[in-house]
Each structure stands twice: as C-alpha cells, then as structure tokens.
Amino acid sequence: MEDVFVQEALMSMTSHLIFIVISWYALQSLNLDGLFRKGKVFEARILVIFLTIAIGTAVSRFFLDFLSWSNSLTYLF
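Reading guide: rules and limits
Residues numbered from 1 in each chain as written. Predicted model: local features only at pLDDT ≥ 70, side-chain atom pairs only at ≥ 80, totals over all residues. Heavy atoms only, no water. Helix = DSSP H or I, 4+ residues; strand = E, 2+ residues; numbered from the N terminus. Rg over C-alpha atoms; globule rule 2.2 N^0.38 Å. Buried < 20%, exposed > 50% of the residue type's maximum accessible area, 1.4 Å probe, protein only. Areas by Shrake-Rupley, 256 points an atom, 1.4 Å probe, with all protein chains shown as cover. Lys, Arg positive; Asp, Glu negative; His and termini not counted. Charge placed at Lys NZ, Arg CZ, Asp CG, Glu CD. Expected span 1.5 Å × (residues − 1). Contact = heavy atoms within 4.5 Å. Phe/Tyr/Trp six-rings, centres within 6.5 Å; stacked < 30°, edge-to-face > 60°. 1 Å grid on protein atoms, 1.4 Å probe; cavity = no way out; pocket = protein on both sides within 12 Å on 5 of 7 lines; lining within 4 Å. Points joined across faces, edges and corners; volume = space filled by probe spheres on them.

1. Some points on the overall build of the protein chain
Helix and strand counts for the protein chain stand at 2 helices and 0 strands. What you see for the protein chain is a C-alpha radius of gyration of 17 Å, clearly larger than the 11 Å of a compact globule of 77 residues, by over 25%. By its C-alpha atoms, the protein chain is 60 × 25 × 15 Å across when sized along the principal axes. Taken over 77 residues, the protein chain has a buried fraction of 14%. A total of about 6,700 Å² of accessible surface is found on the protein chain, and carbon and sulfur atoms cover 70% of it. Between the averaged position of the 5 positive side-chain charges in the protein chain and that of its 6 negative side-chain charges there is a distance of 24 Å.

2. Section: helix α2 (residues 41-72)
An ideal rise of 1.5 Å per residue puts 46 Å on 32 residues; α2 measures up with 46 Å between its terminal C-alpha atoms. Among all positions in α2, only Ala-44, Val-48, Thr-52, Gly-56, Ser-60 and Leu-64 are buried. Structurally, α2 contributes buried residues whose contacts are with α1 (2-28).

3. Examining α1
A turn of α-helix holds 3.6 residues, and therefore any two residues three or four places apart point the same way. For α1, built from 27 residues, the straight-helix expectation of 39 Å at 1.5 Å per residue is met to within 8% by its first-to-last C-alpha distance of 39 Å. When α1 is considered as a whole, its buried residues turn out to be Ser-12, Ser-15, Ser-23 and Leu-27. Buried residues in α1 make contact with α2.

4. Overview of the packing of aromatic side chains
Tallied over the full model, the rule gives 2 aromatic pairs. Arranged with centres 5.6 Å apart and planes meeting at 55°, the rings of Phe-19 and Phe-63 form a pair that is tilted. Here Phe-63 lies in helix α2 and Phe-19 lies in helix α1, a separation of 44 residues in the sequence. On the basis of relative accessibility, which here comes to 39%, the residue Phe-63 falls in the partly exposed class.

5. Some points on the layout of surface pockets
Quantified by volume, the largest pocket comes out at close to 320 Å³. Broken down by secondary-structure element, the contributors of at least two residues to the lining of the largest pocket are α1 and α2. No other element matches α2, which puts 5 residues into the lining of the largest pocket. Put simply, the second largest pocket is a space of about 220 Å³.

This is the structure:
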C-alpha cells in the first residue's frame, strides 16, 4: 500500500518538474521587456519564475488528473 503512495508522489513530482521546465522554455520565447519598467530586472525575473511555476503546475495537475480519470474508466464497465 505504501508503494502506491510512493509511486504516486514520485510521478507527481516528476510531472511537475517536467512541465515547469517546458513552460520555462515556452516563456523564454516571449519578449516581455516592454511590460516592465526600466531598472526592474530583478522583479521581472521573479515574475517570470512565478508565472513559469504557476503554468507548469497547472498543466501538470491537468495531466495527472486526466491520467487518474482515464484509469478510473475501467470501473465504468
């Protein structure tokens, strides 16, 4: 029983990290320089990091929920 929780935790952590990295690469393609004031480079970087984490976590949560829902379909029939 504990093995299931360990596998689930490892899969969740791995999924979150993978999607955070993917969203980081995706956000790097945007030119966000015009949105920030001059001299606020540190604040801009922090915002991009927070956006990356938020987007990556949301996509990962959707992926994990979808995986869980598809596994639950076997109980339908």
